[in-house]
Amino acid sequence: MTTTMIAGHEIEINDDGFMLNPDQWNPEIANELAVEAGIAPLTDRHWEVIDFCRRDNAEKGTPPGVRRITKNTDVSMKEMYTLFPKGPGILAARVSGLTKPKGCI
Amino acid sequence: MKKMLILGAGTAGTMMSAKMRRALPADEWQITIVDQDDRHIYQPGLLFIPFDVYRARDVVKPRSRYIPPGVRFIVSPIDVIEPDDSRVRLGDGTLLHYDLLVIATGSRIVPEETEGMTDTGWQTSTFDFYTPEGAVALRNALDDFDGGRLVLNVVEMPIKCPIAPLEFVFLADWFLTVNGTRDRTEIIYATPLDGAFTKPRASEILGHMLEEKNIGLEPLFSTGSVDGEKQVIRSWDDREIGYDLLVTIPTHMGSETIENSDMGDELGFIPTHPNTLQSKGWENVFVLGDATDLPSSKAGSVAHFQGEVLENNLLRIIDGRELTEEFDGHANCFIETGFGKAALIDFNYDVEPLPGRFPVPGIGPLRLLQESEMNHWGKMAFRWIYWNMLLKGAEIPGIQSRMSMDGKWS
């Protein structure tokens, strides 16, 4: 675990660059994480996903996978890959200030 | 008379019925197990059918033969679970009431979830090997295969036995070499993961094996559709891979019963406490094996390790005692690597697969994360252990339900 400055806040992150404490997150931080990930600026569609991820994580204790996101928002799988390219579940979790979704192995 | 009901007579359910029949007095507890058919499949054996190592008859036996005396076995579709009323409705309307329910309904492939997969080419140029029928059809196709591009794609996670797709490409490399067609065959492994496997050390070592065997890796490839006319798979972000022979690992989902009962997540897997195996929704409902939503492997070894914890917790809840949180996500999997060799991995929720020796620290005889002939014979011997020990709920000498760090090189 290390700490880093994001948008003027001191933030705890793990080795993969995921935030460890979702309570330290705020929308400014999301914007800066989006710049880092190369998906800025965040649109309303991004925010719909981020809001769901935050809400679902608070309820369930784990970040939602991409299938869960598409089932519970009106964002399609195709659009997820446009909004959060390559690994949409992982990237959406990162920008939402959540841990990496646990890949089942 | 109290009633324990077990749904699913696969690896997990059968094993659990044997454990609980031994543990519970026959004059106090009636144990019933239900499955939709009487066909028990040794699932680790399916991998070998396409390569003619096993025949279908080697992996399928009657479930009834492995249900212990004193356990009632009902063959019937399960219509719906009504957990608020502690009862289950069977296909013919029969109601089964229970005091304790164990759900072991497993997971299944659902190729229809992917656009185009079951249209043109299904079982002529596109095959699965997660069903006996698919594995046999693929065997025939490989027999006729005369070179070209063989693509294996994992559609999405989670899947059963997450190492099986890698084993398939390793064995295909061996099989085609022996049959003289490897030099005119390109093998590609397409996965939604960012490497050969999910965990860093294993991913690096297995990725290296792919390179050595000249197998192409296409990471971060999430299959959106299959075009059987053009023989192309397309990812959600519009990348395409052409194929002559497609071996696909389709989307996995829990049993339809779970969906009908509204007890599952978006894939029909049941929210389960990761350490006690109690369902999150109902105190008298427990879940094991592939049916859980846990981030542990969907594999027989996991069901085996869970079984010990679950037996303990079922006895505890009967006695009104607190549940133990003993399950640590332990999995132990052989990886066939071709040419008579295999590797072995041993890991849990927190500790990734590491190199070392197993089960006796420093000695083995099995090697972790390294290829050896002994590992291969271990995998082959496992079929006997499965039918004769594991399904009977017996302890397997030297193998503990909790993972041990002894003998691992970190």
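Residues numbered from 1 in each chain as written. Chains lettered and ligands numbered in written order. Predicted model: local features only at pLDDT ≥ 70, side-chain atom pairs only at ≥ 80, totals over all residues. Heavy atoms only, no water.

*Asks:* Before we move on, can you summarise the overall build of chain B with the specific residues and values?
*Replies:* Secondary structure summary: chain B contains eight helices and 24 strands in total. The globule rule puts the C-alpha radius of gyration for 410 residues at 22 Å, and the 21 Å found for chain B is close to it. Along the first, second and third principal axes, the C-alpha atoms of chain B reach 65 × 50 × 40 Å. Here chain B, with 410 residues, has 58% of them falling under the buried criterion. Separation of charge centres in chain B, based on 38 positive and 61 negative side chains, amounts to 7 Å. (Helix = DSSP H or I, 4+ residues; strand = E, 2+ residues; numbered from the N terminus. Rg over C-alpha atoms; globule rule 2.2 N^0.38 Å. Buried < 20%, exposed > 50% of the residue type's maximum accessible area, 1.4 Å probe, protein only. Lys, Arg positive; Asp, Glu negative; His and termini not counted. Charge placed at Lys NZ, Arg CZ, Asp CG, Glu CD.)

*Asks:* Could you give an account of unusual backbone geometry, naming the residues involved and the relevant values?
*Replies:* Residue and element names in this part refer to chain B. Between Phe 358 and the following residue, Pro 359, the backbone shows a cis peptide bond with an omega angle of -5°. Position of Pro 359 among the secondary structure elements: in strand β23 (residues 356–360). Going from Gly 364 to Pro 365, the amide bond is cis rather than trans, its omega being 10°. Its place among the elements puts Pro 365 in strand β24 (residues 364–368). The phi dihedral of Leu 369 falls on the positive side, at around 55°, and the residue is not glycine. As for its placement among the helices and strands, Leu 369 is situated in the loop between β24 and α8 (373–390).

*Asks:* So, the packing of aromatic side chains: which residues are in play, and what are the values?
*Replies:* Residues and elements named next belong to chain B. Taken as a whole, this structure holds 13 aromatic pairs over all chains when the rule is applied. Judged by centre distance (5.8 Å) and plane angle (80°), the ring pair of Phe 327 and Tyr 349 falls under edge-to-face. Placement of the pair is Phe 327 in the loop between α7 (300–318) and β21 (331–338) and Tyr 349 in the loop between β22 (341–347) and β23, with a sequence separation of 22 residues. Residue Phe 327 is classed as buried on the basis of its relative accessible area, which comes to 1%. In this structure an aromatic cluster arises from ring pairing among Phe 51, Phe 129, Tyr 130, Phe 168, Trp 174 and Phe 175. Directly above the ring of Phe 170 sits Lys 213, whose terminal nitrogen or CZ lies 5.5 Å from the centroid. Sitting above the plane of the Tyr 54 ring, Arg 383 keeps its charged end 4.2 Å from the centroid. (Phe/Tyr/Trp six-rings, centres within 6.5 Å; stacked < 30°, edge-to-face > 60°. Lys NZ or Arg CZ within 6 Å of the ring centre and 35° of its normal.)

*Asks:* Pulling in residues and values, what's your account of the nonpolar core?
*Replies:* Counting 88 residues, the largest nonpolar core has Phe 129, Phe 168 and Leu 206 of chain B as its most contacted members. Element by element, the count of residues in this core is highest for helix α4 (residues 164–178) of chain B, at nine residues. Those residues in contact with Phe 168 of chain B that sit more than four places away from it in its chain are Leu 47, Pro 50, Phe 51, Phe 129, Leu 138, Leu 142, Leu 150, Leu 152 and Val 247 of chain B. If you look at the next biggest cluster of nonpolar residues, it comprises 29 residues, including Ile 6, Leu 33, Tyr 81 and Val 95 of chain A. (Core = buried A, V, L, I, M, F, W, Y, C linked by side-chain atoms within 4.5 Å. Contact = heavy atoms within 4.5 Å.)

*Asks:* Run through the sheet that holds strand β16 (residues 232–235) of chain B, naming residues and quoting values.
*Replies:* All names here are of chain B. Strand order in the open sheet formed by three strands is β15-β16-β17, with antiparallel pairing between adjacent strands. Both edges of this open sheet fall to β15 (223–227) and β17 (240–242), since each of them pairs with a single strand only. Taken pair by pair, the neighbouring strands of this sheet meet at an average axis angle of 20°, ignoring direction. In terms of strand pairing, β16 meets β17 through three bridges, oriented antiparallel. Bridging from a neighbouring strand, Arg 234 pairs with Glu 240 of β17. (Pairing = 2+ DSSP bridges. Axes fitted to C-alpha atoms, helices over the stretch in contact; angles between N-to-C directions.)

*Asks:* I'd like a description of the domain arrangement of chain B, backed by residues and values.
*Replies:* Residue and element names in this part refer to chain B. Domain boundaries in chain B define domain 1 (2–106 + 255–318), domain 2 (114–252) and domain 3 (331–390). Once you take the C-alpha centre of each, domain 2 and domain 3 turn out to be 23 Å apart. With 16 residues of domain 2 at the interface, the matching set in domain 3 holds 17 residues. Counting the surface lost from both domain 2 and domain 3, the interface buries some 1500 Å², and carbon and sulfur atoms represent 70% of this. (Domains from an automatic or database assignment. Buried area = accessible area lost by both parts, 1.4 Å probe.)

*Asks:* Account for helix α2 (residues 44–60) of chain A, with residues named and values stated.
*Replies:* All names here are of chain A. Here α2 is 17 residues long and its end C-alpha atoms lie 24 Å apart, about the 24 Å a rise of 1.5 Å per residue gives. When α2 is considered as a whole, its buried residues turn out to be His 46, Trp 47, Val 49, Ile 50, Phe 52, Cys 53, Asp 56 and Asn 57. Summarising the contacts, the buried residues of α2 are in contact with α1 (27–37), α3 (66–72), α4 (77–83) and α5 (88–95). Gly 61 lies just past α2 and shows a positive phi near 85°. (Expected span 1.5 Å × (residues − 1).)

*Asks:* Go over the pairing of β21 of chain B, please, and point to the residues and values.
*Replies:* Residues and elements named next belong to chain B. Extensive coverage of β21 is indicated by the burial of eight of its eight residues. By the bridge criterion, seven bridges tie β21 to β22 in an arrangement that is antiparallel. Paired with Cys 333 across the strands is Ile 345, a residue of β22. Between β21 and β22, which pair antiparallel one after the other, the connecting turn spans two residues, and Phe 339 there sits at a positive phi close to 55°.

*Asks:* Now, about the interface of chain A and chain B: what can you tell me, with residues and values included?
*Replies:* By a widespread convention, an interface's size corresponds to the accessible area lost as its parts come together. If you look at the interface, chain A gives 12 residues, while chain B gives 25 residues. Each partner contributes to the roughly 1700 Å² buried at the junction of chain A and chain B, and carbon and sulfur atoms together form 59% of this total. Here chain A is connected to chain B by four salt bridges. Salt-bridge contacts for Glu 156 of chain B lead to Arg 67 of chain A; the nearest nitrogen and oxygen are separated by 2.6 Å. (Salt bridge = Lys/Arg side-chain N within 4 Å of Asp/Glu carboxyl O.)

*Asks:* I'd like to hear about the sheet that holds strand β1 (residues 2–7) of chain B, residue by residue, with values.
*Replies:* Residue and element names in this part refer to chain B. Taking strand neighbours across the sheet as the criterion, the five strands line up as β5-β2-β1-β9-β20 in an open arrangement whose pairing is parallel. Looking at the sheet topology across the chains shown, the edges are occupied by β5 (71–75) and β20 (285–287). Neighbour-to-neighbour, the strand axes of the sheet open up by a mean angle of 20°, direction not taken into account. Strand contacts of helix α1 (residues 11–23): β1, β2 (29–35), β5 and β9 (100–103), with the helix running at about 170° to β2, the strand carrying the most contacts. Sheet contacts for α7: β1, β2, β9 and β20; angle to β9, the most-contacted strand, approximately 165°.

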